Amino acid sequence: MWGYKATVTILCLGSLATTMMWFLEDDSHLEAHRAPQIKRQRPKPSQLCKGCKKIIDSVVTRYSKTWRKQEMNYQKFKVKLQQTCNGFDNAIVTQANTPLGSTILFETSAKKLLVNSELFNLFPNKHPFSNKTLDTCAVVGNGGILYDSNCGKMIDSAEFVIRCNLPPLTGEYEKHVGKKTNIVTANPTILLKLHQSLMERRLPFAEKMQLYGSAMILLPAFSYNVNLALSLRAAYTMKDFKSSVSPVFLNPQYLRELGGFWKARGVKAKRITSGLMMVSLALEVCNNVHVYGFWPFANHPFDLYPLPNHYYDDIWPKPGFHAMPTEFEHLLQLHSDGILKLHLGRCNKN
């Protein structure tokens, strides 16, 4: 089905495995953010891993073809997502889809949780999206390809901006990644390592959340058993300190259905990345989806200079949990089919 599948397979084998990076790995940025230092110099052939230039050139060739939105392709793909997952109504736990007295079945286990009044009152009344489809959405990953990208203004020009894993946005980063945020995911591992599981001082966490304005903070409370208590502490912290952000919970039923949707299309992984989750949601609720910060190689696509793992640090993720190359292949194919627009390179040169 995918013309690129052989290339992706190569990435999983031998020395090329060292080049695989994914910028939305859930627990890979657990130290204080330090901006990486990048030398924008084209590397010598000996500095590239064997075969990497050929692979990157192949991807760039596919990417560089003239892009036009293909409305029929977009509508067909959107309908498939809606029929399987219905993210518009079900991506987020609400009082409408999870009533008082109902039972929540966790995403990855047989654990069940009765919805009592205290938990029910944490849920929004209904889905948080407008009743009309949004015009433009930007889904922003945290990849090193955004470093020095000058994409901030373009990202912030979108009607709705979705980010992943509580990334830094201020100071030197804003020019390249923007600041506007409507949804941002928050993985409990980050809360565990950077905020001491919210068992000590909670004010620093509450203050950090102000960075995201009035955004929804998306917590996976019902994905793994260990996530529940920490996610609830995060939600109560935001409410107790009267934060401008709104804590909401990912619906485990939606995540199971979305995982099955992508598994049927060849994404064989323990779990899809939060990035692919957010791209999938955007394709249901937005007419035009623009994707930034997704690039699974250690070198820039056009100049080939080395890239850090994230735009804000060079801490590498744990391998093996996600099917990163396969996910990127799907995003590239969706780009080629005119379903979404994948942005690579510096925005002032697009």
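Residues numbered from 1 in each chain as written. Predicted model: local features only at pLDDT ≥ 70, side-chain atom pairs only at ≥ 80, totals over all residues. Heavy atoms only, no water.

*Asks:* For this particular structure, what's the right way to read the packing of aromatic side chains?
*Replies:* Using the criterion set out here, one finds 15 aromatic pairs in the structure. Judged by centre distance (6.2 Å) and plane angle (80 degrees), the ring pair of phenylalanine 123 and phenylalanine 249 falls under edge-to-face. In this pair, phenylalanine 123 is assigned in the loop between α5 (117-120) and β3 (134-140) and phenylalanine 249 in strand β7 (residues 246-249), connecting sequence segments 126 residues apart. Assessed through its relative accessible area of 4%, phenylalanine 123 is described here as buried. On the accessibility criterion, phenylalanine 249 (1% relative accessible area) is buried. Consider the rings of tryptophan 295 and phenylalanine 328, whose centres lie 5.6 Å apart with planes at 85 degrees: the pair is edge-to-face. One end of the pair, tryptophan 295, is in the loop between β8 (286-292) and α13 (324-336); the other, phenylalanine 328, is in helix α13, and 33 residues separate them in sequence. (Phe/Tyr/Trp six-rings, centres within 6.5 Å; stacked < 30°, edge-to-face > 60°. Helix = DSSP H or I, 4+ residues; strand = E, 2+ residues; numbered from the N terminus. Buried < 20%, exposed > 50% of the residue type's maximum accessible area, 1.4 Å probe, protein only.)

*Asks:* Even after reading the chapter, I still don't get the pairing of β8, so can you show me in this structure?
*Replies:* Along a regular strand, successive side chains alternate from one face of the sheet to the other. Examined bridge by bridge, β3 and β8 share six bridges and lie parallel to one another. Across the sheet, the residue bridging to leucine 134 is cysteine 286, located in β8. Pairing geometry for β8 and strand β9 (residues 341-342), over two bridges, is parallel. Paired with histidine 290 across the two strands is lysine 341, which belongs to β9. (Pairing = 2+ DSSP bridges.)

*Asks:* Any chance you could explain the nonpolar core here in plain terms?
*Replies:* Considering soluble globular proteins, one finds that nonpolar side chains tend to be buried as a cluster. Judged by nonpolar contacts, the single largest core of 57 residues is most densely connected at Ile183, Trp262, Met278, Leu283, Trp295, Leu340 and Leu342. Among the elements that take part in this core, helix α12 (residues 274-285) stands out by supplying eight residues, more than any other. Discounting residues that sit within four places of it in the chain, leucine 342 has contacts with Tyr63, Val291, Phe294, Phe328, Leu332 and His335. Core analysis: the second largest hydrophobic core is formed by 44 residues, Leu146, Leu166, Ala215 and Ile217 among them. (Core = buried A, V, L, I, M, F, W, Y, C linked by side-chain atoms within 4.5 Å. Contact = heavy atoms within 4.5 Å.)

*Asks:* Quick question: what am I supposed to make of the state of the cysteines here?
*Replies:* Two cysteines whose sulfur atoms are joined by a covalent bond form what is called a disulfide. A complete count under the given rule lists two disulfides for this structure. Covalent S-S linkage joins cysteine 151 and cysteine 347, the inter-sulfur distance amounting to 1.8 Å. Between cysteine 151 and cysteine 347, the disulfide has an S-S torsion of 95 degrees and is therefore right-handed. Residue cysteine 151 is found in the loop between β3 and α6 (152-156), and its partner cysteine 347 is found in the segment after β9; the two are separated by 196 residues along the sequence. Cysteine 347 shares its class with cysteine 151; the two are buried. (Disulfide = S-S within 2.5 Å.)

*Asks:* Help me out: how do you make sense of the sheet that holds strand β6 (residues 216-219) in this one?
*Replies:* The pairing of strands in a sheet comes from backbone hydrogen bonds and takes either a parallel or an antiparallel form. The strand order across the open sheet built from seven strands is β7-β6-β5-β4-β3-β8-β9, with neighbouring strands paired in parallel fashion. A strand with exactly one partner marks an edge of an open sheet, and here the two such strands are β7 and β9. In the packing of α12 onto the sheet, contacts are made with β3, β4 (160-163), β5 (183-185), β6 and β8, and the angle to β8 comes to roughly 155 degrees. (Axes fitted to C-alpha atoms, helices over the stretch in contact; angles between N-to-C directions.)

The analysis is restricted to geometry; functional conclusions fall outside its scope.
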